[in-house]
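# Survey of secondary and tertiary structure
Listed below, chain by chain, are the residues.
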Amino acid sequence: GDGGGDDSNANTLTEEDKTELFTVMNEQKEGLERLVNIVKKDLRDVNILKEEVGKINMAVGGGIAGSGPLGEVVGQLPSNMGGVGMQRMGQSHLNRSGVKYI
């Protein structure tokens, strides 16, 4: 391969190369599957915590779920993790630093 001539064997993998490549790709696939499972469990845990925070805020403050000090902490989570309950309720709030969260 330098672009000239017919190097038909230059891009051909040997059986050993194919086996090694398959092994590496399979290990990557297994690693990604483990990471996906970890993220799924973490998201489940975050949703459980958000529900519990909402229950505590309702009991303590008697206000809207997601408001109060604990709600502010949850509201500061990234948008795909925090404040989902508030989006469903159509509410938005400003935390103490003036950052809007939903």
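Up top you'll find the structure we're talking about.
Conventions and cut-offs
- Residues numbered from 1 in each chain as written.
- Predicted model: local features only at pLDDT ≥ 70, side-chain atom pairs only at ≥ 80, totals over all residues.
- Heavy atoms only, no water.
- Helix = DSSP H or I, 4+ residues; strand = E, 2+ residues; numbered from the N terminus.
- Expected span 1.5 Å × (residues − 1).
- Buried < 20%, exposed > 50% of the residue type's maximum accessible area, 1.4 Å probe, protein only.
- Salt bridge = Lys/Arg side-chain N within 4 Å of Asp/Glu carboxyl O.

So, on to helix α1 (residues 15-61). In this model α1 runs 68 Å from its N-terminal to its C-terminal C-alpha over 47 residues, within 8% of the 69 Å that 1.5 Å per residue would give. Taken as a whole, α1 has its buried residues at Val46, Lys50, Val53, Gly54 and Asn57.

Moving on to the pattern of salt bridges. Applying the stated criterion across every chain yields a total of 4 salt bridges. Glutamate 52 serves as the salt-bridge partner of lysine 55, at 3.3 Å between the closest nitrogen and oxygen. Within this pair, lysine 55 and its partner glutamate 52 are both found in helix α1, separated by 3 residues, close to a single helical turn. For glutamate 52, a relative accessible area of 36% puts it in the partly exposed group.

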